[in-house]
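Overview (structure and organization)
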Amino acid sequence: MTPHIEPDPRAGAAVKAADRAHVFHSWSAQGLIDPLAVAGAEGSYFWDYDGNRYLDFTSGLVYTNIGYQHPKVVAAIQEQAGKLATFAPAFAIDVRSEAARLIAERTPGDLDKIFFTNGGAEAVENAVRMARLHTGRAKVLSAYRSYHGATSTAINLTGDPRRWPSDTASAGVVHFWAPFLYRSPFYATTEAEESARALQHLEDTIAFEGPATIAAIILETIPGTAGIMTPPPGYLAGVREICDKYGIVFILDEVMAGFGRTGKWFAAEHFDVVPDLMTFAKGVNSGYVPLGGVAINGEIAATFDQRPYPGGLTYSGHPLACAAAVATLTVMAEEKVVEHAAHIGETVLGPGLRELAEKHPSVGEVRGMGVFWALDLVRNKETREPLVPYNAAGEANAPMAAFGAAAKKNGLWPFVNMNRTHAVPACNVSEAEAKEGLAALDAALTVADEHTV
């Protein structure tokens, strides 16, 4: 239960004023934004200084997998701060070693060596660097409808419009179409067709780019921000076979999908696929202290046994972040958070969202698993025309803006991206909270329905 909220508008105004005077926000036109001043958070909720409480169906940025302010994780950070608040990454530190051990214990296959970063983008940067050095090749293939981070290589690997302003074409980045049956680029009508045609397209791309020039293929196991498009059966296994055939490193980006989000520790488990490198961040410690990393298989790790790895970060494996990771992974095991996420997806969110799709003409498709879902909003279910155009802004985005405002009015903070809303609450969201969120979505979708034809 959240504590009693005492409104304090004056304090909120002061926070907002300081923010507007000095904070430069990401992904925003600074003069057009009006950030909410947050007074506190606990569990699946947060609240503002006016006393308004919101059920967070975004999990922050899909990272508070155990909710806000879990007392055991907060206590672990406090204890570590009193013991050893920071130390350089070249040394062996107990909490760093334990965090690495616990992560390696859960990764698939022989991904047993952990390189720590401060977040997901740095994890992608280093995974690509490892692949290039291991293979001696330069090119990296990534999918359209993807997001891999905002640093130099990661943003060029990204396949959504956030790449465009920084698209200086990092040497050797090549994009291809991954499967997405609802809006198939391959004119497929079944999952089997979509998988087979997507794999053929990928192999054709490799052939024309030159197999001996390609270091790696990187894919989000289940693309997150781009729309939570679960790959069809056989696709990831097929990519694994293609990589093995041409000596290409297979990188799975589990920054968003990992650590319980899909009802498994890692989404790769759903597809029985083991990559060569796996990137992670977000849910590894629910974002309580920034942490990310790369899980590395034995063959690639051996490349750097006698050859120095030319990369590192001042705060790699920061003790406070690692303490938060140890506590988070322990809590998730003890409280069966991963199993709970699977249960909520199967019994509450999945059925509830599909009911909304039947009820609302604006819902074209429901996709997802665990606590990782997307509603694809449309103007017309028959034509599948998106509710707003691709990368819409301003007046063109008005229908989605109206939907988002309606959700907030009903006490739900929604994840909205282009023509989609994602249902991505904490992995330990209760059944009552999930149903509360579904009811708020139901009400907000009536606003989206007004824009259908």
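For the structure itself, consult the block above.
Per chain, the residues get numbers from 1 upward, laid out in the order the sequence is written. Where totals are concerned, whole chains, interfaces and linings use all residues; where local detail is concerned, this predicted model gives features only for residues with pLDDT of at least 70, and gives and counts side-chain atom pairs only at 80 or more. Think of the side-chain values as coming from all heavy atoms in the structure, minus any hydrogens and water.

**So, the packing of helix 3 (residues 71–83) against helix 10 (residues 319–334)**
Helix packing for two helices is described by the angle between their axes and how far apart those axes are. Rule in force here: Each axis is a line fitted through C-alpha atoms, and for a helix only the stretch in contact is used; angles between axes span 0 to 180 degrees, taken between their N-to-C directions. Runs of H or I in DSSP of at least four residues are treated as helices and runs of E of at least two as strands, each being numbered from the N terminus. Working rule for angles: under 35 degrees goes down as roughly parallel, over 145 as roughly antiparallel, 65 to 115 as roughly perpendicular, anything else as oblique. Less than a right angle of anticlockwise turn of the near helix away from the far helix marks a crossing as left-handed, whereas a clockwise turn marks it as right-handed. By the convention used here, residues are in contact when the closest approach between their heavy atoms is within 4.5 Å. Under the scheme applied, nonpolar residues are Ala, Val, Leu, Ile, Met, Phe, Trp, Tyr, Cys and Pro; charged residues are Asp, Glu, Lys and Arg; polar residues are all the others, including Gly.
Where helix 3 meets helix 10, the axes come as close as 8 Å, and the angle between the chain directions of the two elements is 150 degrees. Comparing the axis directions of helix 3 and helix 10 gives the class roughly antiparallel. Note that helix 3 runs across helix 10; the crossing there is right-handed. Here K72, V73, A76, I77, Q80 and A81 of helix 3 come into contact with helix 10, specifically with P319, L320, A323, A324, A327, T328, V331 and E334. Of the residues contributing to the contact of helix 3 with helix 10, the split by class is 10 nonpolar, two polar and two charged.

**Quick word on the side chain of S142**
Our working definition: Remark: exposure states derive from per-residue accessible area (1.4 Å probe, protein chains only) relative to the maximum for the residue type, with buried under 20%, exposed over 50%, and partly exposed in between. In protein, a polar contact means a hydrogen-donor-capable atom and an acceptor-capable atom, both N or O and within 3.5 Å, with residues adjacent in sequence counting only if both atoms are side-chain atoms; elsewhere, any N or O pair within 3.5 Å suffices.
Here S142 shows up in strand 5 (residues 139–143). Residue S142 is classed as buried on the basis of its relative accessible area, which comes to 0%. A polar side-chain atom of S142 sits 2.7 Å from the main-chain carbonyl oxygen of L157. Ignoring any residue separated from it by four or fewer positions in sequence, one finds S142 in contact with H148, L157, V173, V174, H175, F176 and I218.

**Description of unusual backbone geometry**
For K282, which is not a glycine, the phi torsion comes out positive at approximately 35 degrees. Of note, K282 is situated in the loop between strand 9 (277–280) and strand 10 (292–296). Here K282 falls in the partly exposed class, since its relative accessible area comes to 21%. Its identity as a non-glycine residue notwithstanding, N391 has a phi of 60 degrees, on the positive side.

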